[in-house]
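Coordinates in review
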Amino acid sequence: MADDKFLNKVKAVILQHLTDEDFNVNELAAAMGLSRSQLFRKLKEETHHSATVIIRDIRLEEALKLIEQEQYTIAEIAFQVGFNSPSYFNKCFHEKYGYAPGEYQKLRHMEANRQREQGKKGVRIKNIIYPLAAVGLLLIIILLLGEKRHTVALSQPAEEPSIAVLPFLDLSPQQNREYVALGLTDAIILELSKVRHLRVVSRGSAEFAQDSIKHYPLIAKKLGVNLLLEGSVVYVNDSLRVNAQLIDPVPDEKHLWAQKYEQDAKDIFRITNSISRSVANEIQLAVTPPGTQSAALETSVSYEPYLKARHLWQQQTPQSLQGAIELLKHTIEEDSTFAPAFSLLAECYISVNKFIRNNEKKLQNRQEGRLAIDRALERAIALDGSLAEAFITKGNILGKFDYNWQGMKEMVEKGLELNPNNALGYSSLSQYYSVKGDMPKALAMAREAEKRDPLNPRTCSLVAKCYTFSGLYEQAIRQYSYVLEMFPSYGFAWDGIGYAYYMQGDKAKALAAWTELHRFIGNHDLVEYYQRESFDRSIDYWLKQTTTGEKMYCSNPAIIAMVHLFVDDKDGAMDYLEFAYKYKDPDLPFIILLPSFNKLTDTPRFMAIAEQVGVQIPR
């Protein structure tokens, strides 16, 4: 029997935040007093839908009511129900009801006229649309899922053994151990990633698919894998009970293997190793030699503070990062031989720098934090030479902080030898080949990252950026559009697709895309300006406000340099490029790879900067 009280509260919370375009699953879970996994499980039990689908459907139902009132334009209705993009609103409305909003209005008018002519009370048009829309939506879903994607990862059946570990659910009585469940998920992914010839999808992509799709076969198809591992965690006192099962989802769901574990919570490493070995044996692959895992199994530290720290680090806020750093320092004080804590501590120090807008303070923080980062990484590698992420992080530091691209390549390749499923490693190699001018290899590495993290907007956007670097703007636009279908609020994709449109010569579409970007950022005054002014006047206004005005729409000097080229101000572009080099901007090498900078290749100042940051510019 449905829990009407619970569902009514869910709807009430969503309606309270109806106009808030940023209201999402995490905020709904917080308002309900539940963790994300608890909300996911409860909604699946009650409705068979994910929270994402429910939020969207309630928005669309309210939109339908507003359309019938005939008091607002379609664009106004879109914003009133929390869609920050009218075009995305039109797409979602069409998928749910089978008609675009404008078509729905016309059909209502036609039906009303017909009823008046016949002098009869007709059936409200939505009573006709709903059953038709249900069939139409089903057909749309089938077509979308059957459609061949333009990326290699999703366009072909997975031939090699491949697996996605769905985020384990926290079923503890107090339901306050989500970080343990997710930490166990990450640990199993890490162990399975060491298995040669097994492709393992990242947790981020698996979590997105689990939240968005109901059936295992559809999840597997979306992720491009042929195996799924799911499970749950029950944490009582200091005891940990884990259920795990391996599923062959296609063509019919088959449970290949299932196992229960109950041990002391401190033995989470042992449980992780047991599950990953059992899964590997089931798919008839050899696991990595036991010697590469012994250090982890023998740790004396309580694993729980580390899991809390990792959970906080993944939230990527200034407060969560500071909390993670404190927990990791405490963990290291307890056991100075626990290598993963040092590696994660380095990542936290790196992430803190992203939230500093002032370039002077950012450089100072990076220089002061660099010593701590280097010490943490060196200690992690010395303690555990099999810790792939430590090598990959060190490689990224060498490349983006020091412009030492060869050192970056060597470290990242070492990390990928240890863990050939690390998507960040392939993304880093893609960046290496980009700065070295080898765009075919850069694209190939970006696609390898996408195969291992196929629903991550960052990895998918990297593929699009490689197309842009090569001047393949139509392919870039298709890839960015694919990203925005999944993540309509992903700002980097709006920025990238706007640039691709601009390079194609379509200034109107470029400005429209950048309008959406600033809508998400919250620069509403700039959005209003863009909507009423031309492209050229909008760019002039952005530059004036960013460089001399009260509004600081961007603090990245390399991006400001790029925008100067939109108005053909080469001297202004060079001034900001030199400013970016002065502050060791990690984005600088990749910004100057954009084709619009080709007009500066005859400028000695530009070529000097390219040489100093190690970028090979084709002439």
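Just above, that's the structure.
The structure reproduced in this document is the subject of the present report. Bear in mind that the values here come from a model prediction, so they are computed numbers and not experimental data.

**Some points on the overall build of the protein**
In terms of regular secondary structure, the protein is built from 32 helices and six strands. When burial is assessed residue by residue, the protein has 53% of its 619 residues classed as buried. With the model as given, the accessible surface of the protein reaches about 28,300 Å², and the carbon-plus-sulfur share is 52%.

**Observations regarding the side chain of Arg203**
Tracing the chain through its elements places Arg203 in helix α11 (residues 203–212). Setting aside residues up to four positions removed in sequence, Arg203 forms contacts with Pro167, Leu182, Thr185, Asp186, Ile189 and Gln314.

**Focus on the packing of helix α27 (residues 524–532) against helix α28 (residues 535–547)**
At a minimum axis distance of 9 Å, the contact between α27 and α28 shows a crossing angle of 155°. Comparing their axes, α28 and α27 come out roughly antiparallel. Between α27, through Asp525, Leu526, Tyr529 and Tyr530, and α28, the contact on the second element is made entirely by Arg537, Ser538, Tyr541 and Trp542. Broken down by class, the residue content of the contact of α27 with α28 amounts to five nonpolar, one polar and two charged.

**A look at the packing of aromatic side chains**
Aromatic ring pairs are defined here through the distance separating the ring centres and the angle between the ring planes. Taken as a whole and assessed by the stated rule, the structure comprises 16 aromatic pairs. Taken together through their ring pairs, the aromatic side chains of Tyr499, Tyr502, Trp514, Phe535 and Phe566 make up a single cluster.

**Some words on the environment of Val527**
Mapped onto the fold, Val527 is located in helix α27. Exposure remark for Val527: the relative accessible area of 4% places this residue in the buried category. On a C-alpha basis, the gap between Val527 and Ala512 in space is 9.5 Å, while along the polypeptide they are 15 residues apart. Apart from the residues lying within four places of it in its own chain, the contact partners of Val527 are Thr515, His518 and Arg519.

**Overview of helix α29 (residues 557–566)**
Of all 10 residues in α29, nine are buried, a share of seventy percent or more. One side-chain oxygen at the N-terminal end of α29 lies 2.9 Å from the backbone nitrogen of Ala558; it belongs to Asn556. The positive-phi residue at the C-terminal boundary of α29 is Asp568, with phi of around 60°.

**Overview of the pattern of salt bridges**
The full count for this structure, using the stated rule, is 15 salt bridges. In this structure, Asp57 engages Arg56 in a salt bridge whose closest nitrogen and oxygen atoms are separated by 3.8 Å. By relative accessible area, Arg56 is classed as partly exposed at 29%. Put simply, Lys409 and Glu413 hold a salt bridge, and the shortest N to O gap is 3.0 Å. Linking Lys409 with Glu413, this pair stays in helix α20 (residues 405–418), spanning four residues, or about one helical turn. Residue classification places Glu413 among the partly exposed residues on the basis of a relative accessible area of 29%.

**Quick word on unusual backbone geometry**
A positive phi is found at Glu70, a non-glycine position, where the angle reads about 55°. Structurally, Glu70 is set in the loop between α4 (51–69) and α5 (74–80). Residue Glu70 is classed as partly exposed on the basis of its relative accessible area, which comes to 43%. One non-glycine residue, Asp568, lies in positive phi territory at about 60°. Mapping Asp568 onto the fold places it in the loop between α29 and α30 (570–582).

**A few points about the nonpolar core**
Core analysis: the largest hydrophobic core is formed by 93 residues, its most contacted members being Leu223, Trp514, Leu577, Leu588, Phe597 and Phe606. Of the residues forming this core, the biggest block, eight residues, is contributed by helix α24 (residues 473–486). Leaving out residues up to four positions away in the same chain, Trp514 has contacts with Trp494, Asp495, Gly498, Tyr499, Tyr502, Tyr530, Phe535, Ile539 and Phe566.

**Some words on the pairing of strand β6 (residues 254–264)**
Here strand β5 (residues 239–248) runs beside β6; their pairing, made up of 10 bridges, is antiparallel. If you follow Gln245 over to β6, its bridge partner there is Ala258. Counted along the chain from β5 to the antiparallel partner β6, the turn is five residues long.

**Overview of the side chain of Asp453**
Locating Asp453 in the fold gives a position in the loop between α22 (439–452) and α23 (457–469). It turns out Asp453 is buried and unbridged, and the closest side chain with the opposite charge, Arg458, is 8.2 Å from it. In terms of polar contacts, Asp453 uses its side chain to reach the side chain of Ser205, at 2.5 Å. What Asp453 contacts, discounting residues up to four positions off in sequence, is Ser202, Ser205, Ala423 and Thr459.

Here is what the cut-offs are and how they apply
Residues numbered from 1 in each chain as written. Predicted model: local features only at pLDDT ≥ 70, side-chain atom pairs only at ≥ 80, totals over all residues. Heavy atoms only, no water. Helix = DSSP H or I, 4+ residues; strand = E, 2+ residues; numbered from the N terminus. Buried < 20%, exposed > 50% of the residue type's maximum accessible area, 1.4 Å probe, protein only. Areas by Shrake-Rupley, 256 points an atom, 1.4 Å probe, with all protein chains shown as cover. Contact = heavy atoms within 4.5 Å. Axes fitted to C-alpha atoms, helices over the stretch in contact; angles between N-to-C directions. Parallel < 35°, antiparallel > 145°, perpendicular 65-115°, else oblique. Nonpolar A, V, L, I, M, F, W, Y, C, P; charged D, E, K, R; others polar. Phe/Tyr/Trp six-rings, centres within 6.5 Å; stacked < 30°, edge-to-face > 60°. Polar contact = N/O pair within 3.5 Å; in protein donor to acceptor, adjacent residues only side chain to side chain. Salt bridge = Lys/Arg side-chain N within 4 Å of Asp/Glu carboxyl O. Core = buried A, V, L, I, M, F, W, Y, C linked by side-chain atoms within 4.5 Å. Pairing = 2+ DSSP bridges. Lys, Arg positive; Asp, Glu negative; His and termini not counted.

What is shown is where atoms sit, not what they do.
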